Amino acid sequence: MTTIGLIGSGHIGSQLARLAVAHGYDVVLSNSRGPETLQGLVDELGEHARAATAAGAAAAGDIVVVTTPLAAEATLPVAELAGKVVIDTNNYYPQRDGHIPELDDESTTVAERLQKVLPTSYVVKAFNHIGAAELTSQARPAGDPDRRALIVAGDDAGARERVAALIDQFGFDAIDIGELAEGWRAQRDTPAYVKRYDAAGLREALAAAKRYRDK
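Residues numbered from 1 in each chain as written. Predicted model: local features only at pLDDT ≥ 70, side-chain atom pairs only at ≥ 80, totals over all residues. Heavy atoms only, no water.

Below, the discussion takes up the pattern of salt bridges. This model, assessed by the stated rule, comprises 13 salt bridges. In this structure, the salt-bridge partner of R113 is E73, at a minimum N-O distance of 3.3 Å. Taken as a pair, R113 in helix 7 (residues 110-117) and E73 in the loop between strand 4 (63-66) and helix 4 (78-81) lie far apart in primary sequence, 40 residues in all. Just as R113 is buried, E73 falls in that class too. Between D176 and R160 there is a salt bridge, with the nearest N and O atoms lying 2.9 Å from each other. In this pair, D176 is assigned in strand 8 (residues 173-176) and R160 in helix 9 (residues 157-170), connecting sequence segments 16 residues apart. By relative accessible area, D176 is classed as partly exposed at 43%. (Salt bridge = Lys/Arg side-chain N within 4 Å of Asp/Glu carboxyl O. Helix = DSSP H or I, 4+ residues; strand = E, 2+ residues; numbered from the N terminus. Buried < 20%, exposed > 50% of the residue type's maximum accessible area, 1.4 Å probe, protein only.)

Written out as structure tokens, the structure is:
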């Protein structure tokens, strides 16, 4: 059985854990406060969930989700994440993260920065432009006319395909937008950000996105 590790078990992480368990995955949860603080969520999720340190979740996961404030990148277990597909759900919020010049001027993206922190991992951008509660409330089976679409971006095609399959299994259409550098199209303050679109609508929103440096 595939195991999904979660580094960060807050709003997004806990909802992804619920989806994962509902679809037959094991999950290993972690946060910055210690495994014992996650017992309530583990109890809710049942026998297919356990809590660990971030390093433990990284080591156990076949796929690992990083869903933390950007400052936590400095504490990520790089060695344990080597060779693994790492899903980056993060967005840049200056009021939370402080001002980061290369993100302010959009010369790079959140996911590209994470890829530099994890040079031996396969970082894939996903689940960053949907509200946490909507991950479970808006999931729909394949073919449903009301199915929402979500992006997937990454520099490795195989990693993108693997995460796209997960997105589809979790109840959303996956729109592959290519390399990590394209992930800005669904970042904060773009037309695609936290708005509900089907596949055609999302493609239009992505095409309409403008970067600060292009304005």
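This part is about the sheet that holds strand 6 (residues 122-125). In a beta sheet, neighbouring strands are held together by backbone hydrogen bonds and run either parallel or antiparallel to one another. With mixed pairing, 8 strands are arranged side by side in an open sheet as 3-2-1-4-5-6-7-8. Each end of this open sheet is capped by a strand with a single partner; those strands are strand 3 (49-51) and strand 8. Across the sheet, the mean angle from the axis of one strand to that of its neighbour is 25°, orientation sign disregarded. Pairing geometry for strand 5 (residues 85-88) and strand 6, over 4 bridges, is parallel. Across the sheet, residue I87 finds its bridge partner in strand 6, namely V124. Strand contacts of helix 9: strand 1 (3-7), strand 4, strand 5, strand 6, strand 7 (149-154) and strand 8, with the helix running at about 165° to strand 7, the strand carrying the most contacts. (Pairing = 2+ DSSP bridges. Axes fitted to C-alpha atoms, helices over the stretch in contact; angles between N-to-C directions. Contact = heavy atoms within 4.5 Å.)

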